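# Examination of the molecular architecture
In case you want the letters, here they are:
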Amino acid sequence: MIGILLYIFYFFVKTMAGNSERTFIMIKPDGVQRGLVGKIIKKFEQKGFRLVAMKFLWPSEELLQKHYADLSSKPFFPGLVKYMSSGPVVPMVWEGLGVVKTGRVLLGATNPADSAPGTIRGDLCIQVGRNICHGSDSVESANKEINLWFNEKELVQWTPAAKTWVYED
Ligand code: IDP
Ligand code: MG
């Protein structure tokens, strides 16, 4: 009996933990300027992922230096910070099973020249320094980025009506 209860508990926790993975996705200034905000959001929405938070802001160089701290030694870092702070962006948090990895699949390879057709970058941009969108590369960096761009109150708890039509349980 206890075994069955433990199994149910384990299954419940496993399922819940899986479905509540979160990633940080951001539409970069070129995505905003080129009028691609709706198109990019639609990809994540149609896939079945759940929007948890979103805002529209013109980010400071200081915020972007923190966001891209891991790349600070790269030769393209100053240009990257300048590009990313050149206009408003749309930072978002999306949630769902495997959303970090699948989110990056939806975005496509970093360099649009290598991004497969059908992906956001593969279909909508050409050069690595103008690749229109950002996506976290691990659950750990997703958590860091979410905390950098959003506070706890901005993360919305809700259950989409279609949940049972997207997930088996
Ligand atoms: P990612 O955005 O796919 O995670 P990262 O390697 O983390 O790729 O690089 C962050 C961002 O820096 C890229 O999305 C791109 O905008 C920019 N970037 C990366 N490599 C280059 C480069 O060689 N030249 C110019 N910009 C680059
Ligand atoms: Mg990255």
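Note that this is a predicted model, so its numbers are computed, not measured.

### Observations concerning the overall build of the protein
Assigned secondary structure in the protein consists of 9 helices and 4 strands. Counting from the amino terminus, helix and strand elements in the protein follow one another as α-β-α-α-β-α-α-β-α-α-β-α-α. Expressed along its principal axes, the backbone C-alpha trace of the protein runs to roughly 60 × 30 × 25 Å. Buried residues in the protein amount to 41% of all 169 residues. Across the protein, contacts joining residues at least 24 apart in sequence account for 78% of those joining residues at least 6 apart. By element, 60% of the accessible surface of the protein is carried by carbon and sulfur atoms, the whole surface being about 10200 Å². Separation between the mean location of the 20 positive side-chain charges and that of the 16 negative ones in the protein comes to 4 Å.

### Brief notes about the state of the cysteines
Taken as a whole and judged by the stated rule, the model has 0 disulfides. In this model Cys 125 remains outside any disulfide bridge; the closest cysteine sulfur is found in Cys 133, 6.3 Å from its own. Classification of Cys 125 by relative accessible area gives buried; the value is 10%. A relative accessible area of 0% means that Cys 133 is categorised as buried.

### Points about the nonpolar core
By size, the foremost hydrophobic cluster in this structure holds 19 residues, and its most contacted members are Ile 27, Phe 44, Met 92, Trp 94, Ile 120 and Ile 132. For this core, the elements supplying multiple residues, two or more each, are strand S1 (22-27), helix H3 (37-47), strand S3 (90-95), helix H6 (99-107) and helix H7 (120-124). The residues touching Ile 132, leaving out its near neighbours within four places in the chain, are Met 26, Ile 27, Lys 28, Asp 30, Gly 31, Arg 34, Leu 36, Ile 40, Tyr 83, Ile 120, Leu 124 and Cys 125. Within the second largest apolar cluster, 18 residues are counted, among which are Tyr 68, Phe 77, Val 89 and Leu 155.

### Digging into the packing of aromatic side chains
The tally for this structure, following the rule as stated, stands at 3 aromatic pairs. Site record: aromatic cluster; members linked through ring pairs are Phe 24, Trp 149 and Phe 150.

### Some details on H3
By the burial criterion, the buried members of H3 are Ile 40, Ile 41 and Phe 44. Projected down its long axis, H3 carries its buried residues within an arc of 95°, all on one side. Opposite the packed face of H3, turned more than 90 degrees from it, sit the exposed residues Lys 39, Glu 45 and Gln 46. Along its buried surface, H3 packs onto S1, strand S2 (50-54), S3, H6 and H7. Gly 48 sits one or two residues past H3 and shows a positive phi near 115°.

### Digging into the environment of Val 128
Inspection of the secondary structure assignment puts Val 128 in the loop between H7 and strand S4 (133-135). For Val 128, a relative accessible area of 44% corresponds to the partly exposed category. Each C-alpha atom of the pair Val 128 and Leu 107 lies 12 Å from the other, and the pair is 21 residues apart in sequence. Residues contacting Val 128, with those up to four places away along its chain left out, are Thr 110, Asn 111 and Pro 112.

Criteria and thresholds
- Residues numbered from 1 in each chain as written.
- Chains lettered and ligands numbered in written order.
- Predicted model: local features only at pLDDT ≥ 70, side-chain atom pairs only at ≥ 80, totals over all residues.
- Heavy atoms only, no water.
- Helix = DSSP H or I, 4+ residues; strand = E, 2+ residues; numbered from the N terminus.
- Buried < 20%, exposed > 50% of the residue type's maximum accessible area, 1.4 Å probe, protein only.
- Contact = heavy atoms within 4.5 Å.
- Areas by Shrake-Rupley, 256 points an atom, 1.4 Å probe, with all protein chains shown as cover.
- Lys, Arg positive; Asp, Glu negative; His and termini not counted.
- Charge placed at Lys NZ, Arg CZ, Asp CG, Glu CD.
- Disulfide = S-S within 2.5 Å.
- Core = buried A, V, L, I, M, F, W, Y, C linked by side-chain atoms within 4.5 Å.
- Phe/Tyr/Trp six-rings, centres within 6.5 Å; stacked < 30°, edge-to-face > 60°.
- Arc of directions from axis to C-beta.

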